[in-house]
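An overview of the molecular structure
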Amino acid sequence: MTKAWGILPEEWKPILAERGMRPFRADQILQSLYRDWIESWDDATTLPKDFREQLKVEFPLTKYETLAVSESADGTKKLLIGYEDGNSVETVLIPATGRFTQCISTQVGCPMGCAFCASGSQGVVRSLTADEIVAEYMAGRKVGEITNIVVMGMGEPFVNYDEMMRALKLINAGKGPNLGARHITISTCGVVPGFARLASEGIQFELSVSLHAPNDELRSQLMPVNRRWGIDELLDACADYTRKTKRIITFEYTVIEGVNDSRACAEELARQVRRVPMAKVNLIPLSPVSHRPDFRTPPESTMLMFLDVLMRAHVQTMLRRSRGKDADAACGQLRLKNISSVPPKRDF
């Protein structure tokens with residue numbers, strides 16, 4: 001069954017034509033979905049009642065429920081979104097001056113197994129469909145007007161490429177939510193084939209790469225994906241991407257005390273990222289994760305040392321502050337806390 005939030009705006013007219021419906025109904029549908037923000041086809045009062053009943057059967061709205069909310073003193077909110085089959089994902093809402101960013105998930109759990117990430121600590125259950133990803137956006141929009149999206153939640157976006165891309169194209173569409181492409185960032189842990197696919201889309205989405213270590217030995221310990229695509233292959237793919245798209249790539253580097261926080265790591269990181277034209281680095285202090293108590297947040301002095309080393313090497317660098325530390329900040333933690341209480345099937 002095709003869900004309404006998984007249908008691109010340009011697909012509605014052909015769908016209606018197949019059913020003998022007049023094309024202007026497509027615009028009414030889009031108005032109802034993405035301007036009136038209906039939660040039920042019953043609310044689409046510009047459409048005839050019999051047509052609304054038909055839409056309920058053939059193109060239902062995705063059923064979801066906000067199962068839990070964790071809120072930080074800094075205003076960050078993490079929502080646990082439950083779907084009809086009993087599975088759940090997290091989406092995070094981060095307020096800042098002039099923007100309201102939503103971090104969305106693409107899978108239930110994660111198959112990548114990064115050492116410091118709670119999302120992958122219990123593996124992956126399944127990938128989300130495009131309409132379920134859009135449902136996350138809808139849940140976030142109930143909280144506030146979304147200005148930016150980062151696909152940095154649970155799951156690896158390039159593993160669920162087709163559904164992820166369909167959802168983002170819909171959110172970006174002018175007759176959809178109309179969120180600008182440059183306000184949408186996709187984050188990958190380094191699934192190399194995804195770079196060429198994204199470059200071929202011709203859409204100006206931003207791209208972020210989770211690096212977290214400057215060499216193969218250390219990165220393979222932290223991120224199993226590196227055993228499949230090592231740093232040299234990853235950085236070559238990044239460089240090809242920037243040459244083809246003329247778009248900046250942002251490297252995310254989470255600093256973990258006693259693991260990847262030495263001056264030697266900082267200096268090697270600077271050498272590595274300079275291999276990629278138009279690259280910049282986000283330095284992130286580790287948010288503590290319950291399943292790895294041995295991983296600790298570094299002191300401010302370490303973060304400033306990294307910043308100094310990179311800037312002296314003429315690498316564009318930003319020192320990011322952790323948000324929502326008191327709201328189960330690390331990705332996957334709210335789901336782990338609530339997973340035993342999530343029933344096998346929801347009754348919506």
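Here is a short report on the structure shown in this document.

Criteria and thresholds
- Residues numbered from 1 in each chain as written.
- Predicted model: local features only at pLDDT ≥ 70, side-chain atom pairs only at ≥ 80, totals over all residues.
- Heavy atoms only, no water.
- Core = buried A, V, L, I, M, F, W, Y, C linked by side-chain atoms within 4.5 Å.
- Buried < 20%, exposed > 50% of the residue type's maximum accessible area, 1.4 Å probe, protein only.
- Contact = heavy atoms within 4.5 Å.
- Helix = DSSP H or I, 4+ residues; strand = E, 2+ residues; numbered from the N terminus.
- Polar contact = N/O pair within 3.5 Å; in protein donor to acceptor, adjacent residues only side chain to side chain.
- Phe/Tyr/Trp six-rings, centres within 6.5 Å; stacked < 30°, edge-to-face > 60°.
- 1 Å grid on protein atoms, 1.4 Å probe; cavity = no way out; pocket = protein on both sides within 12 Å on 5 of 7 lines; lining within 4 Å.
- Points joined across faces, edges and corners; volume = space filled by probe spheres on them.
- Nonpolar A, V, L, I, M, F, W, Y, C, P; charged D, E, K, R; others polar.
- Salt bridge = Lys/Arg side-chain N within 4 Å of Asp/Glu carboxyl O.

So, on to the nonpolar core. Soluble, globular proteins show a tendency: their nonpolar side chains are buried together. Of all hydrophobic cores here, the largest spans 104 residues; its most connected members are Trp 12, Leu 33, Trp 41, Phe 195, Phe 251 and Leu 283. Filtering out sequence-adjacent residues up to four positions away, Trp 41 remains in contact with Ala 4, Ile 29, Leu 33, Leu 47, Arg 52, Leu 55, Lys 56, Phe 59, Pro 60 and Leu 61.

As a further point, take the side chain of Asn 226. Along the polypeptide, Asn 226 turns up in the loop between α7 (216-222) and α8 (231-245). Of note is the side chain of Asn 226, whose polar atom sits 3.0 Å from the side chain of Asp 216. If we skip the residues at most four places from it in the chain, Asn 226 touches Asp 216, Arg 219, Ser 220 and Ile 231.

What follows deals with the packing of aromatic side chains. All chains considered together, the criterion is met by seven aromatic pairs. What links up through ring pairs into an aromatic cluster is the set Tyr 34, Trp 37 and Tyr 137.

Moving on: the layout of surface pockets. By volume, the second largest pocket amounts to about 220 Å³. In this structure, the second largest pocket is lined by Trp 5, Glu 39, Ser 40, Trp 41, Lys 56, Pro 60, Leu 61, Thr 62, Lys 63, Tyr 64 and Lys 142. Taken together, the residues that form the lining of the second largest pocket break down as five nonpolar, two polar and four charged.

Opposite charge on two side chains permits them to pair, given that their charged atoms come into close proximity. If you walk through the whole model with that rule in mind, you get 23 salt bridges. Between Lys 56 and Glu 53 there is a salt bridge, with the nearest N and O atoms lying 3.1 Å from each other. Pair noted here: Lys 56 and Glu 53 are both in helix α3 (residues 49-58), with a separation of three residues, about one helical turn. Residue Lys 56 is classed as partly exposed on the basis of its relative accessible area, which comes to 30%. You can call Glu 53 partly exposed: its relative accessible area is 33%. Note that Glu 84 and Lys 63 form a salt bridge whose closest N and O atoms lie 3.9 Å from each other. Of this pair, Glu 84 sits in the loop between β2 (77-83) and β3 (88-96) while Lys 63 sits in the loop between α3 and β1 (64-71), placing them 21 residues apart in sequence. Here Glu 84 falls in the partly exposed class, since its relative accessible area comes to 31%. Ionic contacts of the salt-bridge type, sharing partners, join the residues Asp 42, Lys 49, Glu 53 and Lys 56 into one network.

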